[in-house]
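The chain contents come next:
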Amino acid sequence: MKQEKITIIGAGIVGCSIAYYLSKLGKRNITVIEQGPLFETGGSTSHAPGLVYQLNFSKLLTTLASQTVEAFKELNHEGQPSFYSVGSLEVANTQERLEDLKRKAGVGSSWGVEAYLLSPEECAQKCSLINLDKIYGGLYVPSDGIAKPLRAIEEMAAFTRSCGGEFYGHTEVTGVEVADGRVKAVETSSGKFETDLVICCAGFWGPRIGEMAGITIPLQPMAHQYALSNDLMELANETEEITTPLVRHQDSAMYYRQVFNGLGIGSYQHRPLPVEQNDITKYGETKEMPSIKPFTSEDFEKPWQDALDLIPALKKAGMKKGINGIFSFTPDGMPLLGESQKVRGFWVAEAIWVTHSAGVGKSMAEWIVNGAPTLDLELCDINRFDTYAQSPAYYKKRSIENFEKIYDIHHPFMQPETSRNMRFSPYSIRQKTLGAYFNEKSGWEQPQWYEVNDSLVATYEKSILKRKGWAAQYWSQIIEAEHLHTRKHAGLFDVTATKKRLEISGKEALGFLQELTTDNIDIPIGTVMSTLMLHELGGIKDEIKVVRKAASTFFCVLQGKSTQDCNEKIHKLASLIYLVIS
Ligand SMILES: Cc1cc2nc3c(=O)[nH]c(=O)nc-3n(C[C@H](O)[C@H](O)[C@H](O)COP(=O)(O)OP(=O)(O)OC[C@H]3O[C@@H](n4cnc5c(N)ncnc54)[C@H](O)[C@@H]3O)c2cc1C
């Protein structure tokens, strides 16, 4: 059988991971095109210090990280490990942070990542360099560690080549040919490559490649400071690259790792340093790699003082050098994955940390080969952004906000502060008058409760569950009073923000919806059912609310983030049996 041609743009850790897993799943016609040299390409991977903290309040990101750790452990290169399982330590110097670490430990036990809360003294046993003065405690994850992505890449590339894959270094992609809504070829500095699929793994250059294909890749390159200390006397006897656990001190937005006899120190404390596409140099144009900007030492003054507070031994050692390294940030902090709905055959795998790289490679390969990944990647779907969110002004502001808050304590209901008030429902003036508290959903400002209903609280006081502390944040007891009042009497809900509404009618409508969804839709006229639409492998594609308006007329509301995809699927299926959709 003829193998489809797959072209991957970018030989960083993401491009190589995808090539590797596609090869494992039997793909034999893979070409990886890289503008820099192979494999220290000059992209973000080339200088990544490689800290891997698996635990994240997103279960998906935690799983992708754990899969990456397992994969890297198997990829020793020339007798050298691609992963050092030295463990990680996150220390708290506020009570709030300690509480957050407790929540994280809980997440760890739910999701199968071993994690222990430690007393200050136990923290010192794990890393004797830490000053315990202001430490309340820490979280220790034994399976975390340091990834060596360039070693992993060598092994992944060797496997891909052994399966027939090809890698072209010093070859710049200059254009993407699209015809009839499908990708056809990529143009490069060394000629044209005909292809069936393109996978854009170009790191922070992604938006440029997207533009060539006519799609928006909403990511913002940002510089982030990373410095190396001189040797520490306390590490003088070390012969290994790293034996001590990674240390993260989120209260000062900093992290630390051993590098032989010295320390690597990263800081997110500095002002946001967005980098524009036009300011990215070409490989060889400057002494440094394209992903490195000159170190702005003034931004490191305060972080360095904080570093001395936490690790006093650094004072004597002093700092050796630093970089402002570039990598990608997105409006919601999640990667950008999947096939573009605008240009078929154009796949994207962007804004991915080394931490999640092999996990993403595996999922992308499954998605391409099997039609769906094993993990639910809806939160990362490249098509999740509506048109308004594809404006550079929007995603730049949101990405900067994400940079600034990267080490903050995140409440699940915490709301973004920038790029708000994009979309209001027709009732918004009335809602504001009633004292609405708004959350943002897909750009819509959605009321969560109305202050005017405060008077209902006394009526339902006995039935309202009391919340305090963390659970009471971004919440009001008015929500429960409104809920109870609606159950007893009635309430009017503004569903303007639901993503897509369709009316499906015709004599086949019932049968069609029975086929499409997981429930029995043969419900009485005038009633509503919440049900699911599945994808080809049986996973959940979207949640749908179905209202039966008449015997053969149904009103459907699609809820999920990949609604456009579901909408297209419904239209495609319906066209086969001549259903009317409006
Ligand atoms: C200072 C710093 C510290 C970091 N620390 C960590 C950390 O501790 N842990 C962690 O998990 N992550 C860390 N990261 C993030 C991590 O390095 C990146 O997210 C990751 O390496 C991105 O991999 P990638 O393959 O997507 O991108 P890249 O490695 O940038 O690869 C993209 C490739 O695409 C190529 N390319 C682009 N355009 C073209 C074109 N037109 N034609 C051909 N080829 C093209 C580029 O040359 C490049 O090689 C850090 C980043 C920085 C900057």
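Residues numbered from 1 in each chain as written. Predicted model: local features only at pLDDT ≥ 70, side-chain atom pairs only at ≥ 80, totals over all residues. Heavy atoms only, no water.

Looking up the chain in an unreviewed UniProt entry gives the name Glycine/D-amino acid oxidase-like deaminating enzyme, with the organism given as Scopulibacillus darangshiensis.

**Section: the sheet that holds strand E10 (residues 173-179)**
Put simply, the rule is: Strands qualify as paired when DSSP identifies two bridges or more between them. In this description a helix means any DSSP run of H or I spanning at least four residues, a strand means any run of E spanning at least two, and both kinds are numbered starting from the N terminus. Axis definition: a line fitted to C-alpha atoms, limited for helices to the stretch in contact. Angles are taken between N-to-C directions and run from 0 to 180 degrees.
Pairing in this open sheet of three strands is antiparallel, and the strands run E10-E11-E12 from one edge to the other. Of all the strands in the sheet, the pair left with one neighbour each is E10 and strand E12 (191-194). Averaged over all neighbouring strand pairs, the angle between strand axes comes to 25 degrees, with direction disregarded. Examined bridge by bridge, strand E11 (residues 182-188) and E12 share four bridges and lie antiparallel to one another. In the sheet register, Thr188 faces E12, and the bridge partner there is Gly191.

**Description of the pattern of salt bridges**
To keep it simple, the criterion reads: Only one rule defines a salt bridge in this text: a Lys or Arg side-chain nitrogen within 4 Å of an Asp or Glu carboxyl oxygen.
Taken as a whole, this structure holds 27 salt bridges when the rule is applied. In this structure, Arg420 engages Glu445 in a salt bridge whose closest nitrogen and oxygen atoms are separated by 2.6 Å. One end of the pair, Arg420, is in the loop between helix H10 (392-404) and helix H11 (428-433); the other, Glu445, is in strand E24 (residues 444-450), and 25 residues separate them in sequence. If you follow the salt bridges from partner to partner, you end up with Glu90, Lys104 and Arg248 in one network.

**Details of unusual backbone geometry**
To be explicit about the condition: Relative accessible area decides the class of each residue, using a 1.4 Å probe on protein chains only: under 20% of the type maximum gives buried, over 50% gives exposed, and in between gives partly exposed.
Between Leu38 and Phe39 the backbone carries a cis peptide bond, its omega angle lying at -5 degrees. Mapped onto the elements, Phe39 comes out in the loop between strand E2 (30-33) and strand E3 (51-52). At Ala253, a position not held by glycine, the phi torsion is positive, near 55 degrees. One can find Ala253 in the loop between strand E15 (246-249) and strand E16 (254-259). Classification of Ala253 as buried rests on a relative accessible area of 13%. In this structure, Ser419 takes a positive phi of about 50 degrees despite not being glycine.

**Regarding the site of the ligand**
Definition in use: Whether a residue is near a molecule or strand depends on its heavy atoms: it is near if one of them lies within 4 Å of it. Here a polar contact is recorded for every N or O atom pair within 3.5 Å, except that within protein the pair must consist of a potential hydrogen donor and a potential acceptor, and residues adjacent in sequence are included only if both atoms are side-chain atoms. Areas reported here follow the Shrake-Rupley algorithm with a probe of radius 1.4 Å; residue values treat only the protein chains shown as occluding. Think of it as three bins: nonpolar holds Ala, Val, Leu, Ile, Met, Phe, Trp, Tyr, Cys and Pro, charged holds Asp, Glu, Lys and Arg, and polar takes everything else, Gly as well.
In the neighbourhood of the ligand, 34 residues make up the surrounding shell, with Glu34, Thr41, Thr45, Ile352 and Thr355 lying closest. Glu34 has a polar side-chain atom sitting 2.6 Å from an oxygen atom of the ligand. In the environment of the ligand, a nitrogen atom lies 2.9 Å from a nitrogen or oxygen atom belonging to the backbone of Leu51. For the ligand, the accessible surface in isolation is 1000 Å², of which the surrounding protein chains cover 98%. The residue inventory of the shell around the ligand, partitioned by class, reads 18 nonpolar, 14 polar and two charged.

**Things to note about helix H6 (residues 206-213)**
Filter applied, for reference: The arc in question is formed by the directions pointing from the helix axis toward the C-beta atoms. Residue contacts are defined here by distance: any two heavy atoms, one from each residue, within 4.5 Å place the two residues in contact.
Buried residues of H6: Gly206, Pro207, Ile209, Gly210 and Ala213, and no others. Down the axis of H6, the buried side of the element spans an arc of 160 degrees, and every buried residue falls inside it. Close packing links the buried residues of H6 with strand E1 (6-9), E10, strand E13 (197-200) and strand E22 (346-350). Backbone geometry just after H6 places Gly214 at a positive phi near 85 degrees.

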